[in-house]
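Coordinate analysis (summary)
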Amino acid sequence: MMFHVTLEQAQDGWIVAECPALAGAVFQGKDEKEALENTRGAMKAWMWAEDQEATRALPATSTPVIVLVLKALDHLAATRVAPFVLTTLFFFSRGVMAQSREHVNPLPNANITHDAVGLTVDAREARPLRQAVYAMRSEFGWVVDYEDPIYNGPADLVDDTSPTWRATHPNLPGVTRPAGERFQFTIPEPFAGASGPQGSDEQHALEQMVVAYSSGGNPGKFKAIPEGSNRFAVVGTGPSQQDGLFEKKITLERADRTAAETLAAILEQTSHLVGKNVGLGLAPVGALLRSHIVMGGTDLPGRQALAMVLDSTHLNLVWEALYDADTDQYLVNIEPVIKSYHDASGQRKDALVPQPNSLPLPSRR
C-alpha cells in the first residue's frame, strides 16, 4: 500500500502535511516525524470511518469478512522509505525549524497488568496521564475524552530542542514539551463504586487515577468529570479553566448542518471564548462530512455540544485536546474508541468499540 504525502513548513515554523488521498485534510507537527505520525493516525481513522459507513450500507443478508490491510501504516517513520513516497517542500519564513530530541526511554503505550493487588498502569511519555487514559480506554472500552491544561513555565515545560540542531542554530527559537516522565499507579479490583449506578466504577477509577497523578511530580492539574451517559473526561484545570477547555457555553443558530460544519463552529467559538486558537487535528473527515445534525440555541454547554456532534456520526468517537506552548494553541484530535482483548491463541488484539446497542465486543480474558 502506497500513499503520497507532501510536507511544507508553515510561517509559524510547524511542518504541515497533506495526503492527496484525504482530500481537504491538513495535519501538522513540530517536526517531520510528528507530522508524519499524525498523518498516519489520520489515514487509519479515515479508512476506518469509510469502512464503517460502507458496512452500514450493505444489505441485511450480507456478512462482511474482516480483512486487515492497515499493517503497513503502523510502520510509518520520519524517513523517505517505502511504503510511503514523500514529496517535501520547505518555505523558510523564520529560518530552519528546530528539531526535537528523542525522549529518554519513552513507552509507545502504557503497560497494564492485573494481579492480586489490582490493576497497575505504567505510563512513560511527555504526557503520561494522557497515555494512562488511553490505556484505560483500550483495556475496558470506556469512552473517555482527554484535555490538556495550559502548560506554562519551567515547572510544566522542558526544552526539547535537539543539541545538534541548537549547536548550528544558536539564535533561533527551540521547541519545548510537557515535562512529564513516568507515572505509575495501582487501583484495587473490582473498582470501588462498582456497586453504584452504571458508570460509577469508571468514574471512581478515573478519579483515583487523577489523585495518584496529582501526588507525583508530573506537570499539570487535572480532574475527572462525567459528561453524560457512560461518557467521561479527564480535563486539565487552572485559573482560567476550572472544568477544562470546553467548559464555556456557546451560541449557535439552529440549523441543519453537517457534523463537520457544526464541529468547526464549536471550535471557532471556543477559540474566541478562551482566547487561544483551537484547531482540528486528526479526524474521520468522511464521516463528519456525511453526517448531519440539527443543533442550535444559546448558552449551549460546549462539552455537550461536541459530544452530540460525535454521536451524530453513529461512530463511537472520543476527542483529545492537546496544548502546544510554543504556539499557544490547542489541537483537537478525534479518534475511535478501541478495546484490546486476547484471542483464542492468547494474542492481544484490538477491536473497534461500537456505539451502545450494537454488537458486543469479545470479552477480555
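As a reminder, the structure under discussion sits directly above these lines.
Before going into details, it helps to say that this report is about the structure given with it.

Rules behind the numbers
Residues numbered from 1 in each chain as written. Predicted model: local features only at pLDDT ≥ 70, side-chain atom pairs only at ≥ 80, totals over all residues. Heavy atoms only, no water. Core = buried A, V, L, I, M, F, W, Y, C linked by side-chain atoms within 4.5 Å. Buried < 20%, exposed > 50% of the residue type's maximum accessible area, 1.4 Å probe, protein only. Contact = heavy atoms within 4.5 Å. Pairing = 2+ DSSP bridges. Helix = DSSP H or I, 4+ residues; strand = E, 2+ residues; numbered from the N terminus. Axes fitted to C-alpha atoms, helices over the stretch in contact; angles between N-to-C directions. Phe/Tyr/Trp six-rings, centres within 6.5 Å; stacked < 30°, edge-to-face > 60°. Salt bridge = Lys/Arg side-chain N within 4 Å of Asp/Glu carboxyl O. Parallel < 35°, antiparallel > 145°, perpendicular 65-115°, else oblique. Left-handed = near helix turned anticlockwise from the far one by under 90°.

1. Regarding the nonpolar core
Core analysis: the largest hydrophobic core is formed by 58 residues, its most contacted members being Met-136, Met-209 and Val-234. Discounting residues that sit within four places of it in the chain, Val-234 has contacts with Leu-129, Val-133, Val-144, Asp-145, Tyr-146, Glu-147, Leu-206, Met-209, Val-210, Phe-222, Lys-223 and Ala-224. In this structure, Val-5, Leu-7, Leu-36 and Met-43 belong to the second largest nonpolar core, which totals eight residues.

2. Side note on the sheet that holds strand β11 (residues 221-228)
Either a parallel or an antiparallel arrangement is found when strands of a sheet pair, and the pairing is made through backbone hydrogen bonds. The strand order β11-β12-β7-β16-β17-β14 describes an open sheet built from six strands, whose pairing is mixed. Single-partner strands in this sheet number two, and they are β11 and β14 (277-280). Neighbour to neighbour, the strand axes of the sheet diverge by 20° on average, direction disregarded. Judged from the five bridges that link them, strand β7 (residues 143-147) and strand β12 (residues 231-237) form a sheet pairing that is parallel. Across the sheet, Val-144 pairs through a bridge with Phe-232, a residue of β12.

3. Regarding the packing of aromatic side chains
Centre distance and the angle of the planes are the two values used to describe a pair of aromatic rings. Taken as a whole, this structure holds seven aromatic pairs when the rule is applied. Arranged with centres 5.0 Å apart and planes meeting at 20°, the rings of Phe-183 and Phe-185 form a pair that is stacked. Both residues of the pair, Phe-183 and Phe-185, belong to the buried class. With a centroid separation of 5.2 Å and 85° between ring planes, the pair formed by Phe-183 and Tyr-213 is classed as edge-to-face. Here Phe-183 is found in strand β10 (residues 182-187), whereas its partner Tyr-213 is found in helix α4 (residues 200-214), with 30 residues between them in sequence. Each member of the pair, Phe-183 as well as Tyr-213, is classed as buried. Each member of the aromatic cluster is reached from another via a ring pair, and the members are Tyr-146, Phe-183, Phe-185, Tyr-213 and Phe-222.

4. Quick look at the pairing of strand β16 (residues 317-324)
Counted residue by residue, β16 has eight buried out of eight residues, so it is predominantly covered. Both faces of β16 are covered, namely the face carrying Leu-317, Trp-319, Ala-321 and Tyr-323 and the face carrying Val-318, Glu-320, Leu-322 and Asp-324. Judged from the two bridges that link them, β7 and β16 form a sheet pairing that is parallel. Among the inter-strand pairings, Glu-147 is bridged to a residue of β16, identified as Ala-321. Hairpin remark: β16 followed by strand β17 (residues 329-336), antiparallel, with four residues in the connecting loop; positive phi at Asp-328, about 55°.

5. Some remarks on the sheet that holds strand β6 (residues 119-124)
In spatial order, the strands read β5-β6-β10; together these three strands make up an open sheet with antiparallel pairing. Single-partner strands in this sheet number two, and they are β5 (111-114) and β10. Strand-to-strand, the axes of this sheet are offset by a mean angle of 10°, without reference to chain direction. Together, β5, β6 and β10 form the strand contacts of helix α2 (residues 128-140), whose direction differs from that of β6 by roughly 140°.

6. Some points on the pattern of salt bridges
In total, this model carries 13 salt bridges according to the counting rule given. Among the ionic pairs, Glu-335 bridges to Arg-137, the shortest N-O distance being 3.1 Å. You can see Glu-335 sitting in strand β17 and its partner Arg-137 sitting in helix α2, a full 198 residues away along the chain. Taking the relative accessible area as the measure of exposure, Arg-137 reaches 1% and is therefore buried. If you follow the salt bridges from partner to partner, you end up with Asp-145, Glu-147, Glu-227, Arg-231, Arg-303 and Asp-311 in one network.

7. Thoughts on the packing of helix α5 (residues 259-274) against helix α7 (residues 302-311)
Contact geometry for α5 and α7: axes closest at 10 Å, N-to-C directions at 165°. Judged by the inter-axis angle, α5 sits roughly antiparallel to α7. In this structure, α5 meets α7 at a crossing whose hand is left-handed. Across the interface between the two elements, Ala-259, Thr-262, Leu-263 and Ile-266 from α5 touch Ala-305, Leu-306 and Val-309 from α7.

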